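Structural description and commentary
Residues per chain, in single letters:
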There are 2 protein chains.
Amino acid sequence: MREITIALDGMGGDSGPEVVIAGAEAAHIRHPNIRFLIFGDEAKIKPLLDANPRVAGASEFVHTEVAVGMDDKPSQALRRGRKTSSMWMAIDAVKTGRAQVAVSAGNTGALMAMAKVILRTMPNIERPAIAGLWPTIKGESIVLDLGATIGPDAKQLVQFAVMGEAYARVIFGVERPTVGLLNIGEEEVKGTESVKAAAQILRNLELPIDFHGFVEGDDIGKGTVDVVVTDGFTGNIALKTAEGTARQVAHYLREGIERSFFAKIGYLFAHSVFRTLRDKMDPRNVNGGVFLGLNGLVVKSHGGTDGLGFASAIDVALDVAAADLVRKIATDMDVLVQLAGDLSEAAEREEAAVS
Amino acid sequence: MREITIALDGMGGDSGPEVVIAGAEAAHIRHPNIRFLIFGDEAKIKPLLDANPRVAGASEFVHTEVAVGMDDKPSQALRRGRKTSSMWMAIDAVKTGRAQVAVSAGNTGALMAMAKVILRTMPNIERPAIAGLWPTIKGESIVLDLGATIGPDAKQLVQFAVMGEAYARVIFGVERPTVGLLNIGEEEVKGTESVKAAAQILRNLELPIDFHGFVEGDDIGKGTVDVVVTDGFTGNIALKTAEGTARQVAHYLREGIERSFFAKIGYLFAHSVFRTLRDKMDPRNVNGGVFLGLNGLVVKSHGGTDGLGFASAIDVALDVAAADLVRKIATDMDVLVQLAGDLSEAAEREEAAVS
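Read on for a plain summary of the structure. From a predicted model like this one, the values you see are computed outputs, not experimental measurements.

1. Some points on the interface of chain B and chain A
Chain B puts 57 residues into the contact, and the matching count from chain A is 57 residues. Sorting the residues of chain B by area buried against chain A places B:Ile184, B:Phe233 and B:Tyr252 first, and these three jointly supply 15% of that buried surface. Ionic pairing is found between A:Arg247 and B:Asp218, a salt bridge with its closest N-O pair at 3.2 Å. Taken together, the links from chain B to chain A amount to 10 residue pairs in polar contact (both at pLDDT 80 or more). At the level of elements, strand 5 (129-135), helix 9 (217-222), helix 10 (232-259), helix 11 (261-269) and helix 12 (271-281) of chain B are the ones that each hand at least two residues to the side of chain B that touches chain A.

Take a look at the structure:
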């Protein structure tokens, strides 16, 4: 494997540099060959590097005092943080080839806005998507888009399917990933027009995808397909709803255990179960949303995660960079364009047919 | 309380009449004054009534052999089941005033299609919504729309907010329910144009609503607001995703307990916790989606529920019928129209402003 350099936005996230350096350390223990290019405020990051010879030895550090705030609007961040912020510089390192991927726990809107400005969308792809790993009872699935693109049309949903399929091949190592379109029923008459038209296009094409058709919300956790494709609005709400439901169940369990003496004893015996449950549902283990569709790789870590979670995001970054995911997507998009010609025509035809 | 007659589609649901009659019995034990008007196949329902003097004594029975299939498309159901099906007849009983509300466990698409044809939308309301109760860590919230209306515009979302608020006042007994619009962030810059414009309209109006602004997916289970308003596509997917996540957690727990001897012992001690959890997450306890915005009340029960679940749907039906929810919504819509004039103008203005 060629050497991978990962650009780190040292200032992103609710806890800033501590989490970034702790995450870099945990990731480096697992992958001693990776190198880091860290951007941030010297006053805050230097002491952490001095105390952490492992990370320091694997890193190049670049000072900047400008940091994008977690509540900055994308337009604010672009105005104030252009060229000078740690977030901008980390993404720019991917553009210039100094790093193969950037990781930031900074705010998603700003990160996506900057990534779009710096890296631009790939040929044949109109809008980017954020792809996340979702724990399922079978393992993990990819869900995209988790919030980058609101209201994509049929053509853009088909592009998401191709990007998700390329990502699945890289990260799950399967030849023909199964892909489903998230809808409110499995029948063809249901759903938005863009979803129905996208399904028709995917059915008609001979893509190297095992297109499963429509899936519903409860299919995500079942692991019915490897890749679940949806628009950024629905995908983001589904993700947050699932996280909320998992926390709600945990709340009921905790409440029940605290209320009863016998339950406390039971908890001691069944402790391993609760630990397994916590691990399975632990958002830190599936941290790392990959920005797809840009001419370069950016991975978003949860803002509120800890070192362990940030290390998971670095793991994801390493996987997609080592597999050269951007090139893989470009290849698959070429196939799509060869098969479908100008996708706009197919989309218009199908959208007219379903409406 | 005036006497309430509930029209029952005796043939709806995966298990048909058995569940309907068992549900009617359980509901009648709790509310001995309700009466039923049951439509269905005599050969199947009569024996059940003969064996159940409580339900038989509270019921009038009307025979029809036609039943809408669980997989019938709405158009099929309307063609084959018009006037003659148990589903149609139950809804029609609401229109003619023989019953104050209809309950069916039949297929949602067919039920909504028939309800729209028979009852029509109310004045000032363009599109109906399905409102469901959602268990939260504080109790319950109302979420609408769960799948009736795909792609509502800002004006229709505002109408949903008013309908949901009227329902919340009736079922939770609060004067000024809190209402939130489901979105992918709390900032005003995020979301679809219809969601942003609807928020602007709700902020500007002096409705008898405590408008909370935007809520995210994880706010639903937290119980952040009494009423969560969203489009039918997103609402349906959020609901199914939450159900799937709850089942996923249950799966992990079961798997963990089965795998370990100590965990099995723990399970015995902590049994009450698991029972409480099961009760809290039991979809049977929150069964019953109310169709809002029509000139008459229809309640949809889960198709796969049992007698206990069907009884919950009857409870919901009784609550909304006893409170004369249709009249309450009409009154609130009058207030809305007085305050906002023609909502179309406000919507156009706001939609232009946010786009």
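2. Concerning the sheet that holds strand 8 (residues 210-215) of chain A
All names here are of chain A. Sheet architecture is open: 11 strands sit in the order 3-2-1-4-11-10-5-6-9-7-8, paired in mixed fashion. In this open sheet, the two edge strands, each paired with only one partner strand, are strand 3 (59-63) and strand 8. Strand after strand, the sheet turns through a mean of 25° between neighbouring axes, direction not considered. Along the sheet, helix 8 (residues 193-204) contacts strand 7 (178-182) and strand 8; its crossing angle with strand 8, the most-contacted strand, is approximately 160°.

3. A look at the packing of helix 7 (residues 154-172) of chain B against helix 14 (residues 325-340) of chain B
The relative placement of two packed helices comes down to the angle between their axes together with the axis-to-axis distance. Residue and element names in this part refer to chain B. Relative to each other, helix 7 and helix 14 sit at 135°, their axes nearing to 9 Å. Classified by the interaxial angle, the pair formed by helix 7 and helix 14 is oblique. For the element pair helix 7 and helix 14, the recorded crossing hand is right-handed. On the side of helix 7, the interface is formed by Val158, Gln159, Val162, Met163, Glu165, Ala166, Tyr167, Arg169 and Val170, while helix 14 contributes Leu325, Lys328, Ile329, Asp332, Met333 and Leu336.

4. Focus on the packing of aromatic side chains
For any pair of aromatic rings, the description consists of the separation of the ring centres together with the inter-plane angle of the planes. Under the criterion given, the structure shown has zero aromatic pairs over all chains. The lysine or arginine in question, A:Arg203, covers the ring of A:Phe214, its NZ or CZ lying 5.7 Å from the ring centre.

5. Examining the pattern of salt bridges
For the structure shown, the criterion picks out 23 salt bridges over all chains. Across the salt bridge formed by A:Asp315 and A:Arg30, the nearest N and O atoms sit 2.8 Å from each other. Residue A:Asp315 is found in helix 13 (residues 307-322), and its partner A:Arg30 is found in helix 1 (residues 17-30); the two are separated by 285 residues along the sequence. On the basis of relative accessibility, which here comes to 19%, the residue A:Asp315 falls in the buried class. Between A:Lys240 and B:Glu216 there is a salt bridge, with its nearest N and O atoms 2.4 Å apart. With A:Lys240 in helix 10 (residues 232-259) and B:Glu216 in the loop between strand 8 (210-215) and helix 9, this pair bridges two chains. In this pair, the class of A:Lys240 matches that of B:Glu216, namely buried. Overlapping salt bridges, with partners in common, bring together A:Arg247, B:Asp218, B:Asp219 and B:Lys222 in one network.

6. Focus on a positive patch on the surface
Residues and elements named next belong to chain A. A surface patch of positive charge is lined by Arg82, Lys83, Lys95 and Arg120. On the secondary structure map, Lys83 appears in the loop between helix 4 (74-81) and helix 5 (86-95). Here Lys83 falls in the exposed class, since its relative accessible area comes to 59%.

7. With respect to the relation of the copies chain B and chain A
Structural alignment of chain B on chain A gives an RMSD of 0.0 Å, achieved by rotating through 180° and translating 0.0 Å along the axis. The superposition operator between the copies reduces to a two-fold rotation axis. For chain B, the residue whose C-alpha comes nearest the rotation axis is B:Gly266, separated from it by 1.9 Å. Looking at chain B, 100% of its interface residues are interface residues in chain A too, so the copies touch through the same face.

8. Topic: empty space enclosed by the protein
The full count for this structure, using the stated rule, is one cavity of 30 Å³ or more. There is about 30 Å³ of room inside the largest cavity. Residues that form the lining of the largest cavity fall into these classes: four nonpolar, three polar and one charged.

9. Observations concerning the side chain of A:Glu216
For A:Glu216, a relative accessible area of 14% gives the class buried. Among the polar contacts made by the side chain of A:Glu216, one reaches the side chain of B:Lys240 at a distance of 2.4 Å. Excluding anything up to four places from it in sequence, A:Glu216 contacts A:Leu182, A:Asn183, A:Ile184, A:Gly185, A:Glu186, B:Asn236 and B:Lys240.

10. Here we look at the environment of A:Asp14
Its place among the elements puts A:Asp14 in the loop between strand 1 (5-9) and helix 1. Within the structure, A:Asp14 has its side chain in polar contact with the backbone nitrogen of A:Gly304 (distance 3.4 Å).

11. Focus: the pairing of strand 11 (residues 297-300) of chain B
Residue and element names in this part refer to chain B. Here strand 11 shows no split at all, with Leu297 and Val299 on one side and Val298 and Lys300 on the other all buried. Taken together, the four bridges between strand 4 (residues 101-104) and strand 11 define a ladder with parallel strand orientation. Bridging across to strand 11, Ser104 finds its partner in Lys300. With three bridges connecting them, strand 10 (residues 289-292) and strand 11 associate as antiparallel partners. Among the inter-strand pairings, Gly289 is bridged to a residue of strand 11, identified as Lys300.

12. Observations regarding the environment of B:Gly97
Residue and element names in this part refer to chain B. Looking at the secondary structure, you find Gly97 in the loop between helix 5 (86-96) and strand 4. A residue is classified by how much of its surface remains accessible, and Gly97, at 46% relative accessible area, is partly exposed. Separated by 199 residues in the primary sequence, Gly97 and Gly296 have C-alpha atoms spaced 9.2 Å apart.

13. Overview of helix 5 of chain B
All names here are of chain B. Buried residues dominate helix 5, accounting for eight of its 11 residues. Every buried residue of helix 5 is accounted for by Ser86, Met87, Trp88, Met89, Ala90, Ile91, Ala93 and Val94. Gly97 lies just past helix 5 and shows a positive phi near 90°.

14. Here we look at the packing of helix 1 of chain A against helix 13 of chain A
Residues and elements named next belong to chain A. Packing of helix 1 against helix 13 leaves a shortest axis separation of 7 Å and a crossing angle of 55°. Relative to helix 13, helix 1 is oriented oblique. The way helix 1 lies across helix 13 gives a crossing that is right-handed. Residues Val19, Val20, Ala22, Gly23, Ala24, Ala26, Ala27 and Arg30 of helix 1 pack against Gly307, Phe310, Ala311, Ser312, Ile314 and Asp315 of helix 13. A per-class count over the contact of helix 1 with helix 13 returns nine nonpolar, three polar and two charged.

15. As for the nonpolar core
Counting residues in hydrophobic clusters, the biggest one holds 117 residues, and the most contacted among them are B:Ile6, B:Leu8, B:Phe36 and B:Tyr167. At 11 residues, helix 7 of chain B tops the list of elements feeding residues into this core. Shared between two domains, this core holds at least three residues of each, these being domain 1 (5-119) and domain 2 (129-282 + 330-354) of chain B. With residues near it in sequence (within four places) discarded, B:Phe36 still touches B:Thr5, B:Ile6, B:Leu8, B:Ala24, B:His28, B:Val55, B:Ala58, B:Ser59, B:Glu60 and B:Ile314. Counting 116 residues, the second largest nonpolar core, distinct from the first, contains A:Val162, A:Ile314, A:Met333 and A:Ala347.

16. Examining a nonpolar patch on the surface
Taken together, the side chains of A:Phe261, A:Phe262, A:Leu268, A:Phe269, B:Phe261, B:Phe262, B:Leu268 and B:Phe269 define a hydrophobic patch exposed on the protein surface, amounting to about 940 Å² of accessible area. Elements supplying a minimum of two residues to the nonpolar patch: helix 11 (261-269) of chain A together with helix 11 of chain B.

Definitions and limits used
Residues numbered from 1 in each chain as written. Chains lettered and ligands numbered in written order. Predicted model: local features only at pLDDT ≥ 70, side-chain atom pairs only at ≥ 80, totals over all residues. Heavy atoms only, no water. Contact = heavy atoms within 4.5 Å. Buried area = accessible area lost by both parts, 1.4 Å probe. Salt bridge = Lys/Arg side-chain N within 4 Å of Asp/Glu carboxyl O. Polar contact = N/O pair within 3.5 Å; in protein donor to acceptor, adjacent residues only side chain to side chain. Helix = DSSP H or I, 4+ residues; strand = E, 2+ residues; numbered from the N terminus. Pairing = 2+ DSSP bridges. Axes fitted to C-alpha atoms, helices over the stretch in contact; angles between N-to-C directions. Parallel < 35°, antiparallel > 145°, perpendicular 65-115°, else oblique. Left-handed = near helix turned anticlockwise from the far one by under 90°. Phe/Tyr/Trp six-rings, centres within 6.5 Å; stacked < 30°, edge-to-face > 60°. Lys NZ or Arg CZ within 6 Å of the ring centre and 35° of its normal. Buried < 20%, exposed > 50% of the residue type's maximum accessible area, 1.4 Å probe, protein only. Patch = residues over 30% accessible without salt bridge, like charges linked within 9 Å, V, L, I, M, F, W, Y side chains within 5 Å. Areas by Shrake-Rupley, 256 points an atom, 1.4 Å probe, with all protein chains shown as cover. Lys, Arg positive; Asp, Glu negative; His and termini not counted. Charge placed at Lys NZ, Arg CZ, Asp CG, Glu CD. Least-squares fit on C-alpha atoms with pLDDT ≥ 70 in both. 1 Å grid on protein atoms, 1.4 Å probe; cavity = no way out; pocket = protein on both sides within 12 Å on 5 of 7 lines; lining within 4 Å. Points joined across faces, edges and corners; volume = space filled by probe spheres on them. Nonpolar A, V, L, I, M, F, W, Y, C, P; charged D, E, K, R; others polar. Core = buried A, V, L, I, M, F, W, Y, C linked by side-chain atoms within 4.5 Å. Domains from an automatic or database assignment.

So yeah, pure geometry; function would need other evidence.
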